[in-house]
Amino acid sequence: MDEVELKRIVWRSRRGLLELDLQLERFVAEDLPQLTEPELVLYRELLQYPDNDLLDYLNGRSECPNPRLWPIIARIRAAQR
Amino acid sequence: MSVPVRKFDAVIVGAGGAGLRAALQLSEAGLKTAVLSKVFPTRSHTVAAQGGVSASLGNSEPDHWHWHMYDTVKGSDWLGDQDAIEFMCREAPNVVVELEHFGMPFDRNADGTIYQRPFGGHMSNFGEKPVRRACAAADRTGHAMLHALYQRNVRANTQFFVEWMALDLVRDADGNVQGVVAMEMETSEIYVFQAKATLFATGGAGRIFASSTNAFINTGDGLGMAARAGIPLEDMEFWQFHPTGVAGAGVLITEGVRGEGGILRNSSGERFMERYAPNAKDLASRDVVSRAMVTEINEGRGCGPNKDHVLLDITHLDPEVIKSKLPGIREISIKFAGVDPIKAPIPVVPTCHYQMGGIPTNYRGEVVVDGNVVSGFYAAGEVACASVHGANRLGTNSLLDLLVFGKSSGNSMIDFIKTAPKDLPELAQADVERSVARVEALNTRAGGVEVNDARSAMQATMQKHCGVFRFKDMLADGVAKILEVEKLVQNMVIGDKSKTFNTARLEALEVENLIEVAKATMISANARTESRGAHVRDDAADTPQNPNGRDDENWLKHTLWYRAGNQLGYKPVTMKPLSVETIALKTRSY
Ligand SMILES: Cc1cc2nc3c(=O)[nH]c(=O)nc-3n(C[C@H](O)[C@H](O)[C@H](O)COP(=O)(O)OP(=O)(O)OC[C@H]3O[C@@H](n4cnc5c(N)ncnc54)[C@H](O)[C@@H]3O)c2cc1C
């Protein structure tokens, strides 16, 4: 993934919900640099979900309908204290 | 230097509820309409609204727009303009039903009508008893509203410019607004969006405070742009706070936690609410609890290394109760405070939630300065001050504000565009050049203050000196301090000078907007020597002559802060509604 795409992902990690901003900010700072190319693609895909759905996945309140995204969701959840 | 120009009938900055509602009006009228947004429209901060939108539909019990109007005037502590409030409350049923027709999935009653629930401050029969007035779509009202409006706009051919940031307003030599300067994030290219009519719908600026429930995107860009263009900001001392946000994060801890037996404690572990409210204790009303918390912190009994918060203790509750009755809270606390509330108390602090002030408009959405309409300029939503919320907003009245004034400003713009000459006038260059130079200064400055440091200094100053409960000396110091912080902001430096998605530069530009809001807030608050609504001062106490510290004789007026020289001006509150009698001044008590 080229640099532009990476930076676009960083910007798109800014959301309309504070809870998401806080969680994704931490993930982007600590984990994003270590993600492999396929993981980055999955993260980009995850960012397509509406804010409320995304928050529910990250809080474990509901399950993302796309099982391919489960590992990246787990990783974001693990990035939290 | 030549900046490329794109031409439209109307340009709207902001794709939250207010911007989308206005855009729809314009596009459906067949006008060429551009909407700019920093983020994808449905990720605007409106998505955070859960509670609902108010309208006196009377689906569950009798209700009337006049009662809604009374509640709103009273909620505003009489600082709201009664013409605008009447307009909003009368329009409410229309815009809500319209939204239903746009596909908004409202919760429904068995008979198919929109389900309504009670919400704080909304009463029947002029303050008699609570009424069901809030319409919601499960706990996703804001989200559903954005979706319905966005889909409809796509159908109406609104042109969206997503991931574009407006930088500055463009005014000609006579002050007429010609459009905005904006930057495409992906390329950092700067364009002028020229239009016959320009609307700001950029939302609030809650990020001026260290503790805020607002998403990172709420940086008051519209306010910064307006202030730099010589437009005053109205009533910026009025901000709504919630007593318990997670310290350092801002995420809300619901009042239900205290309802289930949660106790507030200071640094020595004392249950301090016993001193402030011997009967209600931790269940006292929001403002009483917030005030007590701030007093504890100010008097040195705060917790943590900086003594800047208090603790919300639920460790004495049965873990099973916590897990079953307060499940979300455990999660929030572990995630955002790093403590498991079953084992340790949660650090909390009063947290900024909503901005009542903004760009001065009338109920048609036209921006009004010194009694005159600014030709071609409109504002709606949280960025605007119509003023319907006055000194204090009622819950669910904000989403209503977006719909009513989004629509009315759209209509005003249509009328204006129809009478404007067919061809756009020659573009004035002075503001364009100033805007480009502002970005250039950030690109070329070497050595200076880190953006994060400047922002943190501003947020800490605002939180400490101009928070939920205010003190004369702290405010006076705060004015000096925030002007010092402004110098840091003027000297910000960014490491990344690249052209593509330069988030460092975007954030610096946002801080340049936030500081304008911070100054306006501090200076306006320092000057207003009474308590009214959300602006509560220690030195303006409850007396028989001035109940609750409100001083109508001297302060029943709107503040106007002008950026040039930090001047303040005032204008009267409009006490005369459109068709009914004035709702006469009274002490606000519930
Ligand atoms: C947690 C929370 C819960 C709430 N719940 C309720 C509720 O239940 N009921 C209620 O009535 N109110 C509620 N409110 C208040 C209400 O949600 C907001 O006041 C309202 O959504 C603001 O809408 P808006 O259209 O003015 O702006 P926003 O929705 O904030 O949209 C601003 C838009 O402007 C764009 N923008 C900003 N700056 C720029 C720029 N420089 N260039 C380009 N685009 C820009 C953004 O990208 C965005 O599209 C709540 C607020 C919070 C924080």
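Residues numbered from 1 in each chain as written. Chains lettered and ligands numbered in written order. Predicted model: local features only at pLDDT ≥ 70, side-chain atom pairs only at ≥ 80, totals over all residues. Heavy atoms only, no water.

Enquirer: Just to check I follow, could you spell out the overall build of chain A for this structure?
Expert: Along chain A, the regular secondary structure elements total 5 helices and 0 strands. What you see in chain A, going N to C, is helices and strands ordered as α-α-α-α-α. When the 81 residues of chain A are sorted by exposure, 54% land in the buried category. Long-range pairs, those at least 24 residues apart, make up 58% of the contacts in chain A with a sequence separation of at least 6. Summing over all exposed atoms, chain A offers an accessible surface of approximately 3700 Å²; the carbon and sulfur share of this is 53%. (Helix = DSSP H or I, 4+ residues; strand = E, 2+ residues; numbered from the N terminus. Buried < 20%, exposed > 50% of the residue type's maximum accessible area, 1.4 Å probe, protein only. Contact = heavy atoms within 4.5 Å. Areas by Shrake-Rupley, 256 points an atom, 1.4 Å probe, with all protein chains shown as cover.)

Enquirer: Explain the environment of R301 of chain B to me, please; I cannot follow it from the model alone.
Expert: Residues and elements named next belong to chain B. You can see R301 is positioned in helix α8 (residues 286-301). Taking the relative accessible area as the measure of exposure, R301 reaches 24% and is therefore partly exposed. Among all residues touching R301, those that are not within four sequence positions of it are N266, S267, R275, Y276 and E296. Within the structure, R301 has its side chain in polar contact with the side chain of E296 (distance 2.8 Å). Side chain to side chain, R301 and E299 meet in a polar contact 2.8 Å long. (Polar contact = N/O pair within 3.5 Å; in protein donor to acceptor, adjacent residues only side chain to side chain.)

Enquirer: How do you make sense of the site of the ligand when you look at a structure like this?
Expert: Residues and elements named next belong to chain B. The immediate surroundings of the ligand are formed by 38 residues, with S44, T46, G51, E382 and L399 found nearest. At a separation of 3.5 Å, an oxygen atom of the ligand approaches a polar backbone atom of A201. The element contributing the most residues to the shell around the ligand is helix α11 (residues 397-419), with 4 residues. Counted by class, the shell around the ligand contains 15 nonpolar, 19 polar and 4 charged residues. (Near = heavy atom within 4 Å. Nonpolar A, V, L, I, M, F, W, Y, C, P; charged D, E, K, R; others polar.)

Enquirer: What's the story with the domain arrangement of chain B in this structure? I'm lost.
Expert: As a measure of interface size, the accessible area lost when the parts come together is often cited. Residues and elements named next belong to chain B. Considered domain by domain, chain B is made up of domain 1 (247-350) and domain 2 (431-550). For domain 1 versus domain 2, the distance between C-alpha centres works out to 28 Å. Counting residues at the interface gives 7 residues for domain 1, matched by 6 residues for domain 2. Both faces considered, domain 1 and domain 2 share a buried interface measuring about 530 Å² in area, 70% of it formed by carbon and sulfur atoms. If you sort the residues of domain 1 by the area they bury against domain 2, R291, V294 and N298 come out on top, with a joint share of 65%. The interface formed by domain 1 and domain 2 contains 0 salt bridges. At the junction of domain 1 and domain 2, the tally comes to 1 residue pair in polar contact (both at pLDDT 80 or more). Among the elements of the structure, α8 and β14 (346-355) are those that each provide at least two residues to the side of domain 1 that touches domain 2. No other element matches α8, which puts 5 residues into the side of domain 1 that touches domain 2. Each residue belonging to the side of domain 1 that touches domain 2 can be placed in one class, and the counts come to 3 nonpolar, 3 polar and 1 charged. (Domains from an automatic or database assignment. Buried area = accessible area lost by both parts, 1.4 Å probe. Salt bridge = Lys/Arg side-chain N within 4 Å of Asp/Glu carboxyl O.)

Enquirer: Looking at this structure, how should I read the pairing of strand β8 (residues 177-184) of chain B?
Expert: When a strand is regular, its side chains alternate between the sheet's two faces. Residue and element names in this part refer to chain B. Burial within β8 is extensive, with 7 of its 8 residues counted as buried. With 7 bridges joining them, strand β7 (residues 164-171) and β8 adopt antiparallel strand pairing. In the strand pairing of β8, L169 is matched with V180. Hairpin connection of β8 to strand β9 (residues 190-200): 5 residues between the antiparallel strands, including S188 at a positive phi of 65°. (Pairing = 2+ DSSP bridges.)

Enquirer: Please explain the sheet that holds strand β10 (residues 233-234) of chain B as it appears in this structure.
Expert: Working definition: the strands of a sheet are paired by backbone hydrogen bonds and lie parallel or antiparallel to each other. Residue and element names in this part refer to chain B. Read from one edge of the open sheet, 3 strands run β10-β21-β22, paired in antiparallel fashion. Strand pairing shows two members of the sheet lacking a second neighbour, β10 and β22 (567-572), which therefore form its edges. Note: strand β21 (residues 557-562) against β22, 6 bridges, orientation antiparallel. Note on β22: the bridge partner recorded for T559 is Y570.

Enquirer: I keep staring at the layout of surface pockets and nothing clicks. Help me out?
Expert: Gaps left between atoms are located by rolling a probe of water-molecule size over the structure's atoms. Size it by volume and the second largest pocket reaches roughly 1300 Å³. What lines the second largest pocket is a set of 44 residues, among which R207, A210, S211, G248 and Q459 of chain B lie closest to the centre. Every element with two or more residues in the lining of the second largest pocket is listed here: α1 (3-12) and α2 (18-30) of chain A together with α8, β14, α13 (451-465) and α15 (503-527) of chain B. In terms of residues, the lining of the second largest pocket owes the most to one element, α13 of chain B, which gives 7 residues. Taken together, the residues that form the lining of the second largest pocket break down as 21 nonpolar, 13 polar and 10 charged. Taken domain by domain, the makeup of the lining of the second largest pocket includes at least three residues from each of domain 1 (247-350) and domain 2 (431-550) of chain B. (1 Å grid on protein atoms, 1.4 Å probe; cavity = no way out; pocket = protein on both sides within 12 Å on 5 of 7 lines; lining within 4 Å. Points joined across faces, edges and corners; volume = space filled by probe spheres on them.)

Enquirer: Which parts of the structure should I look at to understand the confidence of the model for chain B?
Expert: Where the model shows low pLDDT, its predicted coordinates should not be examined in detail. Taken residue by residue, chain B gives an average pLDDT of 95. The fraction at 70 or more is 100%. Here the complex is predicted with pTM 0.96, and the ipTM for its interfaces comes to 0.96. (pLDDT = per-residue confidence, 0-100.)

Enquirer: Help me understand the side chain of Q194 of chain B, please; the structure alone is not making it clear to me.
Expert: All names here are of chain B. Here Q194 lies in strand β9. When its relative accessible area of 2% is taken as the criterion, Q194 is described as buried. Setting aside anything within four residues of it in sequence, one finds Q194 in contact with V5, R6, K7, F8, Q178, G179, L424, P425, E426 and L427.

Enquirer: Would you explain the packing of aromatic side chains in this entry?
Expert: Aromatic rings in a pair are described by how distant their centres are and how their planes are angled relative to each other. All names here are of chain B. One pass over the structure, following the stated rule, counts 20 aromatic pairs over all chains. With a centroid separation of 5.1 Å and 55° between ring planes, the pair formed by Y150 and F160 is classed as tilted. Of the two residues, Y150 is situated in helix α4 (residues 141-155) and F160 in strand β6 (residues 159-162); the sequence distance between them amounts to 10 residues. Since its relative accessible area comes to 15%, Y150 is described here as buried. Aromatic pair F272 and Y276: ring centres 6.2 Å apart, planes at 90°, arrangement edge-to-face. (Phe/Tyr/Trp six-rings, centres within 6.5 Å; stacked < 30°, edge-to-face > 60°.)

Enquirer: Teacher, can you tell me more about the sheet that holds β14 of chain B here?
Expert: Residue and element names in this part refer to chain B. Strands sit in the order β11-β14-β13-β12 across an open sheet of 4 strands; the sheet is antiparallel. Each having just a single partner strand, β11 (239-246) and β12 (263-265) make up the two edges of the open sheet. Sheet twist, expressed as the mean angle between neighbouring strand axes with direction ignored, is 40°. Summarising the sheet, strand β13 (residues 310-313) and β14 pair through 3 bridges and their orientation is antiparallel. Along β14, the bridge assignment pairs V310 with V348. Running at roughly 95° to β14, helix α10 (residues 327-337) makes contact with β11 and β14 of the sheet. (Axes fitted to C-alpha atoms, helices over the stretch in contact; angles between N-to-C directions.)

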